[in-house]
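Understanding the architecture of this molecule
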Amino acid sequence: MGRRSMRSDRTLFEREHELAAVDEALGELTGLRADGAEAVGRPHGGLLAFAGPAGLGKTTLMAEVRRRAAARGCTVISARGGDQEQRVAFHVARQLLQPQFAGAAEADLRARLGSWYDIVGPALGLCAPTDGAPPDPQGLRDGLDWVLTHLAVQRAPMVLVLDDAHWADPESLRWLAAFAPRAEELPLLLVVAYRPDELPDHAESFRGLPGRAGGRPIDLEPLSAVAVAGLVREALGTHADDAFCRECWAVTAGNPFEAVELTAKVHDRGLTPTEAGAHLLRDLAAAVKGSGLIARLERLGTSTVRFAWACAVLGTEIHPGLAAAVAGLGHEEAADAADALRGARILTGAETLEFVHPLIATAVYRAIPSGVRVALHGQAAWCLVNDGQGPSAAARHLLETHPDGDNWVVQQLRAAAAETLRTGAPDAARGYLARALREPPPFEDRAAVLYELGSASLLTEPATTVNHLRAALEEPIADPGLRHRIVYRLSQVLAHSDHLAEASDTLAREIRAGDDARVKLRMLSEQFMWDAFRADEPDHPSRSRRLAKLADRLKGRDLTERYIIGLRTWDAVLRGEPAHVALQHAERALDGGLGWAEPDRGFEVPVLVALAFMYADRPGRTEELFAAGIADFERQGWRGAHLSFGYTLLAYVRYRRGRLAEAEDFVRAGLRLAERVGPGTPAHWYAVGILIEVLLARGRVTEAAQTAEDYAFNEPFPAAVVFPDAQTVYGELLLARGRTKDAVNQLASAGRRLDPRGIRNPAWCPWQLHLARAESHDTPERAVTTALEALARARQFGTPSAIGQALRTAAEVSSGSMRVKYLEEAVAQLDCSPAGYELACALVSLGTELRRTGRATEAAEHLYRGLDAAAQCGADGLVEEARDELAAAGLRPRRLHSTETDTLTTRERTAATLAAEGRSKPEIARELHSDEQTVVQLLSAVYRKMGTDSTGLREALAAT
């Protein structure tokens, strides 16, 4: 990119403190001090921030940082924000990263960017956006993280310099602000400079970033009179007397930019730098900025003024030919104007022009009469499109024009919004479309613009999306397909905002008004789906009958039919129909394909079909489908709610398989992603509920209770159906804490809510099992009845895990010989199931009961098996219970061969292997479908568990 002209030999006066901080940071990055000696400690990166008002020398300091970094052998990448480019999405990110891939062929780019090519490539201007769904902003930021991390590692040590950060575009600045704390873990020094009083709202996060100087930016101060005197004598000669130098300091207030410009004016005027000429300095200083600068510009002639205005409108990296076209000047006239502006120290550069300082650019821009400024922006937009740079380049200029009912403007803004949205910048797209709506568009296009505007707001402002889409439906719509897309999108955003009844009613009205059978079937499938998630659905049994009747006659010819069959699968699971019936429908739904990232479709039905296999004791198939689905999400760059659901529900699969440590890893990763989406969302309820279940299974009741308190996991529960059922999990937590009466109330309430809807499968929601345990304290007879009813429902569903869990509960609330009978059958059933934790519980319970009845040998066998199984699951509380029972039987617990504390889990072993291969944390995270924080936890566990003989692996882990 072009750089403002800098005198490399100019002394930086009174910046010793700042340069010392730069040298210290570069020493920590390279491992070498400025004198070449080794620095203390391991090399590492970090953040260095400088703040100060305009003109205090931030840009000069950044140039010196780049020079010193290059002299130390560092790779330097740099960018700066621009006042006129703040609305150009990823403008700064492109300056930083695009040159690193310049000239590479597509095949090389794909090889270097891997699966991130289609996600980050369009944002960086390396390739055209794909036609699929756009990445969510968080997914795109993750991709940019990956690119910068790899560059930092491959070209280490690296220094990233960002000047004028207060003018950086929101998309780039949010990314860098989130990435900056990670710089210390990489061979990367991030250096930023900004004006603290001009930070926009979207840049506030930069103000509080951790760094040196006690976590605060280093504030630049005006120069002292002594420093200004040194600057003046360096520029004008040592004969400049004290009175002259002091007056220079007085009229510039120690501002370095103004002092430098003033000395240049003195030199140009041939003024002798003595006290005799000091009285002229105030007028000369006035010409450096503000009205004085503008007056000086106007004296250069009308054509030169117009050329300067055109340059101010275009911003940075100005092509002279484009500026001439905007100004309406011929080639020779424009060249003369550029020469005049260079001579007046207003512009610099040749093939690419820049203003000498942002203060000059701002002054020139603000001096343009408002009507002329609007016209110049309009001319700039037309010239950019005519030059082949496309609607996205023109859009920022069109935002500055006045609405005039021009359909060309509307079309350019819509095209720019579509392209920007596909690059992962919905906020910028929304701004373009809002301006298009004010133009306004032709009457017949208004609904389409409202639909596009609503779609751009979908991920960030669902309430605004609803308003735009409802307004679109009120417009006359000639295209039936557009109306249908609006209805689908409106129902989707209503449902995701926990307004499921409204989503269903919206579809119902459209179904009644429609006459296209296939469209009505698609809408019916959407309505069935949202009704399935409604906790307040008025007539669930009737819907189930209609759904079963419809699904049974469909063949799965297209995605809509397969979605309906998939919903029939889920309904069979909820109602507790025999598992083989649910599996039959699941296979029908999958026959022909059921992708998780289908355009204009939700991912809910494919997830429900995958989970049906888990409830039917085929979790391996579920994990296969989840692996493919999560890969679909990652290919699309969907790393918000979508990926949160993926990790969270995968955690639930691991929990039900008894792999509790892995389940906790996954659910915590899912919860971190859910926290990006926001509290109170379905993703949040799912993650917290599953985390509580996992913690209870691991015997960490206090931590589970604290988690519930931290995340407000209590009444009121969400209107949407979540699983595990939130109220049931809360009742289970109350029971674990000994609050049996409160548990009875909550669990009975869950039953009153679910039973009338026909949701009676204890494999899906074991509210009856927990209720029986809670009732056994005060009403043991009722507890037996409740447990036996749940057992009957489990036998109807027919899976060994459901039957075994129900049998274990029946044993717990029964008395006498029935306890052993139920437990023996429970162990037999669970031995045939994938439910490792439930099997461990049943084994320990059976061993305990046999010990109490005097059958010591059999008791020991089951207790030892239970102890091993509990340890393999990571159920620490159950391990202690088994040990206590063995001790009570006078038996010594034998050394475990596969416990969480002496050997590695599968995920720990995988992480360790990848680390030993030299893979980075981001690469390991992708392999494990996890995030870097989880990778750190896994590697820390490996490091802690490995013995002293494993030196090579320990070194690899330390390096990673």
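Residues numbered from 1 in each chain as written. Predicted model: local features only at pLDDT ≥ 70, side-chain atom pairs only at ≥ 80, totals over all residues. Heavy atoms only, no water.

Examining the overall build of the chain
Assigned secondary structure in the chain consists of 49 helices and seven strands. Burial analysis of the chain (960 residues in total) assigns 58% to the buried set. For the chain, restricting intrachain contacts to residue pairs at least 6 apart in sequence, the fraction spanning at least 24 positions comes to 68%. For the chain, the accessible area works out to roughly 38,400 Å², and carbon and sulfur atoms hold 50% of it. Both charge centroids of the chain, one from 110 positive and one from 129 negative side chains, sit 3 Å from each other. (Helix = DSSP H or I, 4+ residues; strand = E, 2+ residues; numbered from the N terminus. Buried < 20%, exposed > 50% of the residue type's maximum accessible area, 1.4 Å probe, protein only. Contact = heavy atoms within 4.5 Å. Areas by Shrake-Rupley, 256 points an atom, 1.4 Å probe, with all protein chains shown as cover. Lys, Arg positive; Asp, Glu negative; His and termini not counted. Charge placed at Lys NZ, Arg CZ, Asp CG, Glu CD.)

Overview of the confidence of the model for the chain
Low pLDDT means the predicted coordinates in that region are not meant to be read closely. Of the residues in the chain, 91% reach a pLDDT of 70 or more, and the chain-wide mean stands at 87. Under a pLDDT of 50 for its full length, residues 946–960 has, in the predicted model, 20 contacts with residues more than four places off or in other chains. (pLDDT = per-residue confidence, 0-100.)

Describing empty space enclosed by the protein
Taken as a whole and assessed by the stated rule, the structure comprises four cavities of 30 Å³ or more. Approximately 60 Å³ is the volume found for the second largest cavity. If you trace the second largest cavity, you find it lined by Ala54, Gly55, Leu56, Gly57, Lys58, Thr59, Asp164, Arg195, His357 and Pro358. For the lining of the second largest cavity, the residue count by class is three nonpolar, four polar and three charged. (1 Å grid on protein atoms, 1.4 Å probe; cavity = no way out; pocket = protein on both sides within 12 Å on 5 of 7 lines; lining within 4 Å. Points joined across faces, edges and corners; volume = space filled by probe spheres on them. Nonpolar A, V, L, I, M, F, W, Y, C, P; charged D, E, K, R; others polar.)

Comments concerning the pairing of strand S3 (residues 158–163)
Sheet faces and side chains relate simply in a regular strand, where the side chains alternate between the two faces. Of all six residues in S3, six are buried, a share of seventy percent or more. Pairing geometry for strand S2 (residues 75–80) and S3, over six bridges, is parallel. Considered in S3, the bridge of Ala79 is made with Leu162. As paired elements, S3 and strand S4 (residues 188–194) share five bridges and run parallel to each other. Across the sheet, Val161 pairs through a bridge with Val191, a residue of S4. Tracing the backbone out of S3, into helix H7 (residues 170–179) and back to the parallel element S4 gives a crossover that is right-handed. (Pairing = 2+ DSSP bridges. Right-handed = clockwise from strand over helix to strand, strands pointing away.)

Examining helix H1 (residues 16–30)
The periodicity of an α-helix, 3.6 residues per turn, causes residues three or four places apart in sequence to face the same way. Taking 1.5 Å of rise per residue, the 15 residues of H1 would be expected to cover 21 Å, and the 21 Å separating its terminal C-alpha atoms lies within 8% of that figure. Listed in full, the buried residues belonging to H1 are Glu18, Leu19, Ala21, Val22, Ala25, Leu26, Gly27, Leu29 and Thr30. (Expected span 1.5 Å × (residues − 1).)

Brief notes about the nonpolar core
Core analysis: the biggest nonpolar cluster contains 225 residues, and Phe307, Phe355, Leu611, Tyr615, Phe723 and Trp764 have the highest contact counts within it. The element that contributes the greatest number of residues to this core is helix H35 (residues 682–697), accounting for 12 residues. Sequence-distant contacts of Phe307, defined by excluding residues within four places in its chain, comprise Pro320, Ala323, Ala324, Ala327, Leu329, Ala334, Ala337, Ala338, Leu341, Leu347 and Leu353. Within the second largest apolar cluster, 47 residues are counted, among which are Ala89, Phe101, Ala165 and Leu176. (Core = buried A, V, L, I, M, F, W, Y, C linked by side-chain atoms within 4.5 Å.)

Re a negative patch on the surface
On the surface, Asp876, Glu880, Glu881 and Asp884 cluster together to form a negatively charged patch. If you trace the backbone, Asp884 turns up in helix H45 (residues 876–888). (Patch = residues over 30% accessible without salt bridge, like charges linked within 9 Å, V, L, I, M, F, W, Y side chains within 5 Å. Salt bridge = Lys/Arg side-chain N within 4 Å of Asp/Glu carboxyl O.)

Re the layout of surface pockets
Taken as a whole, the second largest pocket spans an internal volume of roughly 1,200 Å³. If you trace the second largest pocket, you find 48 residues lining it, with Arg773, Arg808, Glu812, Tyr837 and Cys841 closest to the centre. Put simply, the parts of the chain that give the lining of the second largest pocket at least two residues each are helix H33 (641–656), H35, helix H37 (726–736), helix H39 (767–775), helix H41 (800–813), helix H42 (817–831), helix H43 (836–852) and H45. Residue contributions to the lining of the second largest pocket peak at seven residues, all from H43. In the lining of the second largest pocket, the residues fall into 23 nonpolar, 10 polar and 15 charged.

Section: the pattern of salt bridges
For side chains bearing opposite charge, pairing can occur when the charged atoms are close. Applying the stated criterion across every chain, the model contains 52 salt bridges. Between Arg87 and Glu400 there is a salt bridge; the shortest N-O distance is 3.8 Å. With a gap of 313 residues between them, Arg87 in the loop between S2 and helix H3 (91–97) and Glu400 in the loop between helix H20 (390–398) and helix H21 (407–422) connect regions that are remote in the sequence. Notably, a salt bridge pairs Arg446 with Glu475, separated by 2.8 Å at the nearest N-O pair. Here Glu475 lies in the loop between helix H24 (462–474) and helix H25 (480–496) and Arg446 lies in helix H23 (residues 446–456), a separation of 29 residues in the sequence. Judged by relative accessible area, Glu475 falls into the buried class, the value being 15%. Put simply, Asp23, Glu64, Arg67, Arg68 and Arg72 are held in one network by salt bridges that share partners.

Some remarks on the packing of aromatic side chains
Under the definition given, this model contains 11 aromatic pairs. Taking 6.5 Å as the distance between ring centres and 50 degrees as the angle between the ring planes, the aromatic pair formed by Trp175 and Phe179 counts as tilted. Here Trp175 and its partner Phe179 are both found in helix H7, four residues apart, which amounts to about one turn of the helix. Relative to Phe713, the ring of Trp685 has its centre 5.2 Å away and its plane inclined at 50 degrees; by these criteria the two rings are tilted. Of this pair, Trp685 sits in helix H35 while Phe713 is found in the loop between helix H36 (701–710) and H37, placing the two residues 28 residues apart along the sequence. Take Trp685 and Phe713: they sit in the same class, and that class is buried. The structure contains a cluster of three or more aromatic residues connected by ring pairs, namely Trp570, Tyr615, Tyr686, Phe723 and Trp764. Geometry around Tyr365 places Arg373 over its ring, the cationic atom sitting 5.3 Å from the centre. Sitting over the ring of Tyr563, Arg601 keeps its end group 5.0 Å from the ring centre. (Phe/Tyr/Trp six-rings, centres within 6.5 Å; stacked < 30°, edge-to-face > 60°. Lys NZ or Arg CZ within 6 Å of the ring centre and 35° of its normal.)

Looking at the packing of helix H40 (residues 780–797) against H41
It is at 8 Å that the axes of H40 and H41 come closest, and there the two elements cross at 165 degrees. With respect to H41, the element H40 is oriented roughly antiparallel. Between H40 and H41 lies a crossing of left-handed hand. Between H40, through Ala783, Val784, Ala787, Leu788, Ala790, Leu791, Ala794, Arg795 and Phe797, and H41, the contact on the second element is made entirely by Ala802, Ile803, Ala806, Leu807, Thr809, Ala810 and Val813. (Axes fitted to C-alpha atoms, helices over the stretch in contact; angles between N-to-C directions. Parallel < 35°, antiparallel > 145°, perpendicular 65-115°, else oblique. Left-handed = near helix turned anticlockwise from the far one by under 90°.)

Focus: the side chain of His166
One can find His166 in the loop between S3 and H7. Judged by relative accessible area, which is 0%, His166 ranks as buried. Polar contacts involving the side chain of His166 include one to the main-chain amide nitrogen of Arg195, which spans 3.1 Å. (Polar contact = N/O pair within 3.5 Å; in protein donor to acceptor, adjacent residues only side chain to side chain.)

Considerations on the pairing of S4
In terms of burial, S4 is largely enclosed, as seven of its seven residues are buried. Because side chains alternate across S4, one face comprises the buried residues Leu188, Leu190, Val192 and Tyr194, and the other comprises Leu189, Val191 and Ala193, equally buried. Here strand S1 (residues 46–51) pairs with S4 via six bridges, running parallel. Note that in S4 the partner of Phe50 across the bridge is Ala193.

What about the packing of helix H6 (residues 137–154) against H7?
With their axes 10 Å apart at the nearest point, H6 and H7 run at an angle of 60 degrees to one another. It follows from the interaxial angle that H6 and H7 lie oblique. Judged by the twist between their axes, the crossing of H6 over H7 is right-handed. Side by side, H6 and H7 meet where Arg141, Leu144, Asp145, Leu148 and Thr149 of the first sit next to Arg174, Trp175 and Phe179 of the second.

Comments concerning the sheet that holds S4
One open sheet holds the five strands; their spatial order is S2-S3-S4-S1-S5, and the pairing between them is parallel. Pairing within the sheet leaves two strands with one partner each, and these edge strands are S2 and strand S5 (218–219). Sheet strands touched by helix H2 (residues 58–71): S1, S2, S3 and S4. Its angle to S3, the strand with the most contacts, is close to 170 degrees.

Side note on the environment of Glu812
Assignment of secondary structure puts Glu812 in helix H41. In this structure Glu812 comes out as partly exposed when scored by relative accessible area, which is 39%. It is 9.0 Å that separates the C-alpha atoms of Glu812 and Ala772, two residues lying 40 residues apart in sequence. Contact partners of Glu812, with chain neighbours within four places excluded, come to Arg773 and Arg819.

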